[in-house]
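The lines below spell out each chain.
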Amino acid sequence: MKIATCASVAALALAGTLAAVPAHARDQIQVVGSSTVFPFTTAVAERFGQQTDFATPVVESTGTGGGMRLFCAGVGVDTPDFTNASRGMRSSELENCTANGVTPVEMRVGFDGIVIADAIEGPTLNLTRAQLFLALAKQIPGDDGALMDNPNVSWSDIDPGLPSAAIEVLGPPPTSGTRDAFLELVMEPGCEEAGFDGDTCEAIFEELREDGAYVDAGENDNLIVQRLQANPDAVGIFGFSFLDQNGDVIKGATVDGVEPSFENIASGDYPVSRSLYVYVKAEHVGVIPGMEEFIAEYTSDSAWGEDGYLAERGLIPLPDDERGPAGEEARSLTPFTGG
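Note that the coordinates shown come from a computational prediction; the quantities given were computed from them, not determined experimentally. (Residues numbered from 1 in each chain as written. Predicted model: local features only at pLDDT ≥ 70, side-chain atom pairs only at ≥ 80, totals over all residues. Heavy atoms only, no water.)

## Examining the state of the cysteines
Turning to step 1, where the next piece is worked out: For the coordinates displayed, the defined rule picks out two disulfides.
Turning to step 2, where the next piece is worked out: Note on cysteine connectivity: cysteine 72 is disulfide-linked to cysteine 97, with sulfurs 2.0 Å apart. Its torsion about the S-S bond being -70 degrees, the disulfide of cysteine 72 and cysteine 97 is classed as left-handed. Of this pair, cysteine 72 sits in the loop between α2 (64–71) and β4 (82–85) while cysteine 97 sits in helix α3 (residues 91–99), placing them 25 residues apart in sequence. One exposure class covers both cysteine 72 and cysteine 97, and it is buried.
Turning to step 3, where the next piece is worked out: Paired through a disulfide, cysteine 191 and cysteine 201 show a sulfur-sulfur distance of 2.1 Å. Handedness of the cysteine 191-cysteine 201 disulfide follows from its S-S torsion of about -85 degrees: it is left-handed. Linking cysteine 191 in helix α6 (residues 177–193) with cysteine 201 in helix α7 (residues 198–204), this pair joins segments that are 10 residues apart in sequence. Like cysteine 201, cysteine 191 is buried.
Turning to step 4, where the next piece is worked out: By sequence order of its bonded cysteines, the protein has the disulfide arrangement 1-2, 3-4. (Disulfide = S-S within 2.5 Å. Helix = DSSP H or I, 4+ residues; strand = E, 2+ residues; numbered from the N terminus. Buried < 20%, exposed > 50% of the residue type's maximum accessible area, 1.4 Å probe, protein only.)

## Side note on the pattern of salt bridges
Turning to step 1, where the next piece is worked out: The final tally for this structure, using the stated rule, is 13 salt bridges.
Turning to step 2, where the next piece is worked out: A salt bridge links aspartate 81 to arginine 26; the nearest nitrogen and oxygen atoms lie 2.8 Å apart. In this pair, aspartate 81 sits in the loop between α2 and β4 while arginine 26 sits in the loop between β1 (3–4) and β2 (30–33), placing the two residues 55 residues apart along the sequence.
Turning to step 3, where the next piece is worked out: A relative accessible area of 0% means that aspartate 81 is categorised as buried.
Turning to step 4, where the next piece is worked out: Among the residues examined, arginine 26 registers a relative accessible area of 11% and is labelled buried. (Salt bridge = Lys/Arg side-chain N within 4 Å of Asp/Glu carboxyl O.)

Given below as structure tokens:
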């Protein structure tokens, strides 16, 4: 778990319990959620702390799913004010928020690509989504159509043109929005591209291998980068920013023939890209000091603009015609109603 601040976050451990007191006794913004969005929100928090009289916000990496649970648990000083998300809020999560008196406001802050990377000295990988499905699905259909445990041990078992190294993929845990997006953007279409019918794919695409070929590497993407350096035959799954920031030690595989680059993600050519979000707890605005100013900083051109400091960290900015309305909705605290 990553935490960006010098302050204690012990109080967040109690955030799963609905607070019974009004939010009036805390003067430091608290943010939880996605490890992918973590470095971007941390950059905004640091800038905010340096340039205002408000305390630097606490930013904690709990994964998108974990962040949603904490955020939607209720209103009060023991619950976070923002949650980062590498996917949109689900209807079930919105229902949980509403049931607990929480009104979320959605900030769509930019785009990210999910990269499949290995060590700089490892093999150059050109993968298809079908190959990734055949490498990572817990079960695949056999020649007779019946499901069987995934028999592929090495990449070359899938395609003789791939390395003979054993399949070992370090990826995000079930609480991660990156994992959710990977399942949706790679595993489901990959299943169909492998030639299996849609009904079968719908039944099996969410189940990843549990025999060691897929390794749940937690929410610390920097740790995955370190493990790739230690094992050049291993492959990692994480957000583009970690490839962008560690390009001297790791490299990204092409997916369906497209390189994971800033330009290819921004143009939509890279097939494994998604929107990134931050959700605001409207009930805390005006109660926890600095929330409106923090939203204003996040949605400023100097932060999320084309030449902003978040682009330098690897965030792919929204197009101009989308960034303006998105910022206005966030600053006006327009309630998120789903969709």
